[in-house]
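Here is what each chain is made of, one letter per residue.
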Amino acid sequence: MDDFNPAIIAFVCNWCSYAGADKAGGQKLPYPSNVKLIRVMCSGRVDPQFVMKAFREGADGVMVLGCHPGDCHYRNGNMKALRRFKLLERMLSQLGIEKERFKLDWVSAGESARFQELAKKMTDTIKKLGPLHLRGMVESEVA
Amino acid sequence: MAQKPKVAFYWCASCGGCEETVIDLDEKVLDVVAAVDIVFWPCAMDFKYSDIETMADGSIAVSFINGAIRTSEQEHVARLLRNKSALVVAFGDCAWMGGIPALANLKSKKGIFNRSYLESPTIVNPEKIVPLEKSVYKGTEVTLPKFYDTVYKLDDIMEVDYYLPGCPPTAKIVANALAAVVAGQLPERKSVLASDKSLCSSCSRNETKPDSVIIKEFKRIHQVIADPETCFLAQGIVCMGPSTRDGCDYPCIKGNMPCTGCFGPVAGADQGARMTAALGGVIESEEEADIERVVSGIPDPAGTFYRYGLSASLLGSKRKDKI
Ligand code: SF4
Ligand code: SF4
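Residues numbered from 1 in each chain as written. Chains lettered and ligands numbered in written order. Predicted model: local features only at pLDDT ≥ 70, side-chain atom pairs only at ≥ 80, totals over all residues. Heavy atoms only, no water.

**Q** Would you mind going over the overall build of chain B with me for this structure?
**A** Of regular secondary structure, chain B possesses 12 helices and 9 strands. Taking 2.2 N^0.38 as the reference for a compact globule, 323 residues should give roughly 20 Å; the C-alpha atoms of chain B span a radius of gyration of 22 Å, in line with that estimate. With respect to the three principal axes, the spread of C-alpha positions in chain B is 65 × 60 × 35 Å. Considering chain B as a whole, with its 323 residues, one finds that 49% of them fall into the buried category. If the 35 positive side-chain charges of chain B are averaged to one point and the 41 negative ones to another, these points end up 4 Å apart. (Helix = DSSP H or I, 4+ residues; strand = E, 2+ residues; numbered from the N terminus. Rg over C-alpha atoms; globule rule 2.2 N^0.38 Å. Buried < 20%, exposed > 50% of the residue type's maximum accessible area, 1.4 Å probe, protein only. Lys, Arg positive; Asp, Glu negative; His and termini not counted. Charge placed at Lys NZ, Arg CZ, Asp CG, Glu CD.)

Structure representation (structure tokens):
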């Protein structure tokens, strides 16, 4: 499916991941324009409802990127995100959304190359999966 | 004598429990009967669809429709009532949010038919007969309504004016709604006719509700003897209170059972998203593998968090394509 141009939303935290993405820009490290960034103060601020809404409004993939464990600017917002999103992942696959379509990961302010790599990998993964069709019922079960 | 307002009741994909609530109004049902003119109520009285078809558009004051929409017949009658009614109230969770029937959206229609008509251990069906929209029986063509792929909530297929929560709605909120209709004192259109707050806000166990990470393991209600005073969440038992609308007077909690969420989401929230956030917030663990272990204690999150409202989930049934 070469002509499929997926929409991927990445929620990035202000202190680490956004800074990492910004650095990638400064260093002119190219990453796919499919990945659209939404800056939030902390990965712990990303309500599961934001992720679900992104899928509902047409995202084919969603990422939440925060500071590495132990590095959270607000001490443990990223751990809060980890706990919530582990639960959300289980629910998404029940609702017919493959688990690869959602990714929680960590990118520090210095890790521009890591940001680039994660953005590329996610885009490749979603391209392989194809567009997300939400029909409100599960046509075939996914793992 | 001034004409009494005309009222209709109808059921779609439902269990009959909502009809039962109307009866549960006890002697108050007599007041209702005295105050209104019931023009259609197939569950309780003998009416024909043609009784409604011949009425003028908008001539029914209010139609209370319970049940989700799974078949073409349900959609047809619901739309007919819409045309003939000034107000349509989605009565109960199935009409409001898909209800229990909408859990079927977690499986495919084909899988459900196979299971129900062919594979279930209690089925003997050597000729592999499954319901068909058209079939010929003794030379006569017989038809059945179309069975849709998806279970829809009522407002996926038409305009709905008000929503009554509950599985079924309690007699109290039904009586309040009826009184508001008769007195012409309904709130803003599209309102849910109950509180906007969460069940926790009025729950007697709220004092002991945890606000920090304390849960090392989720337990299911049949695995423990629950303390009758302490917040269920504090005991590691999933209670839907944080994401569920207040207004039921918490009979389940009083019976020492956790809330399963039948009053639907609090205003503006997605019930499953809110529950995921609430439960994630109280798990005591920082290790990914351990968190996996804890959340695996909720074996069916979608069915647990959307037990009564999968069609109203952000990822639910809103029609993306025509039925
Ligand atoms: S979680 Fe349940 S038991 Fe605890 S306060 Fe809320 S409704 Fe009451
Ligand atoms: S406690 Fe929960 S499940 Fe029980 S009636 Fe109230 S809203 Fe419904």
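Resuming the write-up.
**Q** Please explain the overall build of chain A as it appears in this structure.
**A** Assigned secondary structure in chain A consists of 4 helices and 4 strands. Taken from N to C terminus, the helices and strands of chain A fall in the order β-α-β-α-β-α-β-α. The C-alpha radius of gyration computed for chain A amounts to 15 Å, which stays within 12% of the reference 15 Å derived for 143 residues, consistent with globular compactness. Dimensions of chain A, computed from C-alpha atoms along their principal axes, come out at roughly 40 × 35 × 20 Å. Looking at chain A as a whole, 52% of its 143 residues qualify as buried. Within chain A, counting contacts between residues at least 6 apart in sequence, those at least 24 apart form 82% of the total. For chain A, the distance from the average site of its 22 positive side-chain charges to the average site of its 16 negative ones is 6 Å. (Contact = heavy atoms within 4.5 Å.)

**Q** How do you make sense of a nonpolar patch on the surface when you look at a structure like this?
**A** Residue and element names in this part refer to chain B. On the surface, a nonpolar cluster with roughly 300 Å² of combined accessible area is contributed by Tyr117, Leu118, Val130 and Leu132. Along the polypeptide, leucine 132 turns up in the loop between helix H6 (109-119) and strand E6 (134-137). In this structure leucine 132 comes out as partly exposed when scored by relative accessible area, which is 49%. (Patch = residues over 30% accessible without salt bridge, like charges linked within 9 Å, V, L, I, M, F, W, Y side chains within 5 Å. Areas by Shrake-Rupley, 256 points an atom, 1.4 Å probe, with all protein chains shown as cover. Salt bridge = Lys/Arg side-chain N within 4 Å of Asp/Glu carboxyl O.)

**Q** So what exactly am I meant to see when it comes to the domain arrangement of chain B here?
**A** Domain assignment breaks chain B into domain 1 (6-100 + 151-183), domain 2 (107-148) and domain 3 (199-312). Here the C-alpha centroids of domain 2 of chain B and domain 3 of chain B sit 38 Å apart. (Domains from an automatic or database assignment.)

**Q** Would you explain the site of ligand 2 in this entry?
**A** Within the structure, ligand 2 sits among Leu199, Thr244, Cys248, Pro251, Cys252, Cys259, Thr260, Gly261, Cys262 and Phe263 of chain B. Broken down by class, the residue content of the shell around ligand 2 amounts to 7 nonpolar, 3 polar and no charged. (Near = heavy atom within 4 Å. Nonpolar A, V, L, I, M, F, W, Y, C, P; charged D, E, K, R; others polar.)

**Q** How should the interface of chain B and chain A be read in this particular structure?
**A** Of the residues lining the interface, 41 residues belong to chain B; the matching set on chain A comes to 27 residues. When the two sides are added together, the surface that chain B and chain A hide from each other amounts to roughly 3300 Å², 61% of it contributed by carbon and sulfur. A per-residue breakdown of the area chain B buries against chain A is headed by Thr276, Leu314 and Leu315 of chain B, which together make up 22% of the total. For the pair chain B and chain A, the number of links is 3 salt bridges. Between lysine 86 of chain A and glutamate 288 of chain B there is a salt bridge, and its shortest N-O distance comes to 3.1 Å. Linking chain B to chain A there are 12 residue pairs in polar contact (both at pLDDT 80 or more). (Buried area = accessible area lost by both parts, 1.4 Å probe. Polar contact = N/O pair within 3.5 Å; in protein donor to acceptor, adjacent residues only side chain to side chain.)

**Q** Looking at this model, I keep getting lost on the side chain of arginine 84 of chain A. Mind explaining?
**A** Checked against the element boundaries, arginine 84 of chain A lands in helix H3 (residues 77-94). Among buried Asp, Glu, Lys and Arg side chains, arginine 84 of chain A stands out as unpaired, with aspartate 47 of chain A the closest opposite charge at 5.5 Å. Reaching out from arginine 84 of chain A, the side chain makes a polar contact with the backbone oxygen of alanine 277 of chain B at a distance of 3.4 Å. For arginine 84 of chain A, the contacting residues outside a window of four places in its chain are Gly44, Val46 and Pro48 of chain A together with Thr276, Ala277 and Gly280 of chain B.

**Q** For this particular structure, what's the right way to read the sheet that holds strand E3 (residues 61-66) of chain A?
**A** Backbone-to-backbone hydrogen bonds join strands into a sheet, with any given pair of strands oriented parallel or antiparallel. Residue and element names in this part refer to chain A. Reading across the sheet, the 4 strands line up as E2-E1-E3-E4 and stay open at both edges, with parallel pairing between neighbours. If you trace the sheet from one side to the other, it starts and ends with strand E2 (35-40) and strand E4 (102-106), each paired once. For this sheet, the mean angle separating the axes of adjacent strands, direction not counted, is 20 degrees. Sheet topology note: the strand E1 (residues 8-13)/E2 ladder contains 6 bridges and is parallel. By the bridge assignment for E2, isoleucine 9 is matched with lysine 36. Contacts between helix H2 (residues 48-56) and the sheet are confined to E1, E3 and E4, with E3 contributing the most and set at about 150 degrees to the helix. Against the sheet, helix H4 (residues 112-129) contacts E1, E2, E3 and E4, and its axis sits at roughly 160 degrees relative to E3. (Pairing = 2+ DSSP bridges. Axes fitted to C-alpha atoms, helices over the stretch in contact; angles between N-to-C directions.)

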